[in-house]
Amino acid sequence: EVQLVESGGDLVQPGGSLKLSCAASGSNFGDSFIYWVRQASGKGLEWVGRIKARADNYATKYAESVNGRFTVSRDDAKNTAYLQMDSLRIEDTAVYYCRQWLRKDVFDLWGQGTVVTVSS
Amino acid sequence: QSALTQPASVSGSPGQAITISCTGTRSDIGVSSSVFWYQQHAGKAPKLIIYDVSNRPSGISTRFSASKSGNTASLTISNLQAEDESDYYCSSSTTAHTVVFGGGTKVTVL
């Protein structure tokens, strides 16, 4: 079964850093765009950022709320994407999902989410 | 970038049709062909039900349909069934090449 598995969520103090991973089991990872989306407890979905595929020069884009603090990257050889989170704030507390999207195949796959808690 | 506006809740009886609106601006929905709709059951990851304004992925029931007019997108669920009770989110690309989500709509089957 093709799946995405996030990992790396943890309890971290304000101002701290954390790196999330998103591992894909399918063969189409390299052609896919990868998105990170978060959801605070009881709240709606919030787009965090994305990284395009190699064909698009791995272009990245971020939400204003995380721009300059978060960095999305990928290692296609490992079928894995990452979200480096620095200068974490209490309001960054959420479940973080990664999403794999390949438009030409209408392939849309989400991970199960990983919990990030920012608290002192 | 402000979130897209969705009603907090919509309800309907089994067999009825309901419509969820998603209102944005000329900087997102108004100019985007990348309007998506997701269904999210409690404690689960979102599931894509509509992409590119009105297209259904393979395996999604034909009871789900969607459209866009101006700055507003709409999702219609026909012949409402118990398993449709869930949260629904719209999203759109923006002129800034970001993505914005709606606040979500809780659908209740009476």
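Everything numeric here is computed off the predicted structure, so don't read it as measured data.

Asks: Where do I start with the state of the cysteines in this structure?
Replies: Disulfide: a covalent bond formed between the sulfur atoms of two cysteine residues. All names here are of chain A. Going through the model one piece at a time under the given rule, you end up with two disulfides over all chains. Each disulfide pairs two cysteine sulfurs, and for Cys-22 the partner residue is Cys-98, the sulfurs being separated by 2.1 Å. Taking the sign of the torsion about the S-S bond as the criterion, the disulfide between Cys-22 and Cys-98, at about 75°, is right-handed. Here Cys-22 is found in strand 3 (residues 18–24), whereas its partner Cys-98 is found in strand 9 (residues 94–102), with 76 residues between them in sequence. Take Cys-22 and Cys-98: they sit in the same class, and that class is buried.

Asks: Got a minute to help me understand the pattern of salt bridges in this structure?
Replies: Pairs may arise between side chains of opposite charge once their charged atoms sit close together. Taken as a whole and judged by the stated rule, the model has eight salt bridges over all chains. The residue Asp92(A) makes a salt bridge to Arg38(A) at a minimum N-O spacing of 2.8 Å. In this pair, Asp92(A) sits in the loop between strand 8 (80–85) and strand 9 while Arg38(A) sits in strand 4 (residues 33–39), placing the two residues 54 residues apart along the sequence. Each member of the pair, Asp92(A) together with Arg38(A), is buried. Residues Asp52(B) and Arg103(A) are paired through a salt bridge, measuring 2.5 Å at the closest nitrogen-oxygen approach. Here the residue Asp52(B) occupies a position in the loop between strand 4 (47–50) and strand 5 (64–69), and Arg103(A) occupies one in the loop between strand 9 and strand 10 (107–110), the pair thus bridging two chains. Overall, Arg103(A) belongs to the partly exposed group, its relative accessible area being 39%. Through salt bridges with shared partners, one network takes in Arg38(A), Glu46(A), Arg69(A) and Asp92(A).

Asks: What should I look at first to understand the interface of chain A and chain B in this one?
Replies: When the parts of a complex come together, some accessible area is lost, and that lost area is often taken as the interface size. In this assembly, 20 residues from chain A lie in contact with 20 residues from chain B. Around 1,500 Å² of area is buried between chain A and chain B when both sides are counted, 62% of it from carbon and sulfur atoms. On the chain A side of the contact with chain B, Leu45(A), Trp47(A) and Trp110(A) bury the most area, a combined 36% of that side's loss. Scanning the region where chain A abuts chain B turns up seven residue pairs in polar contact (both at pLDDT 80 or more). Listed by contribution, the elements that provide at least two residues to the side of chain A that touches chain B are strand 4, strand 5 (45–51), strand 6 (60–62), strand 9 and strand 10 of chain A. In terms of residue count, the dominant contributor to the side of chain A that touches chain B is strand 5 of chain A (four residues). Residues of the side of chain A that touches chain B, tallied by class, amount to nine nonpolar, three polar and eight charged.

Parameters at a glance
Residues numbered from 1 in each chain as written. Chains lettered and ligands numbered in written order. Predicted model: local features only at pLDDT ≥ 70, side-chain atom pairs only at ≥ 80, totals over all residues. Heavy atoms only, no water. Disulfide = S-S within 2.5 Å. Helix = DSSP H or I, 4+ residues; strand = E, 2+ residues; numbered from the N terminus. Buried < 20%, exposed > 50% of the residue type's maximum accessible area, 1.4 Å probe, protein only. Salt bridge = Lys/Arg side-chain N within 4 Å of Asp/Glu carboxyl O. Contact = heavy atoms within 4.5 Å. Buried area = accessible area lost by both parts, 1.4 Å probe. Polar contact = N/O pair within 3.5 Å; in protein donor to acceptor, adjacent residues only side chain to side chain. Nonpolar A, V, L, I, M, F, W, Y, C, P; charged D, E, K, R; others polar.

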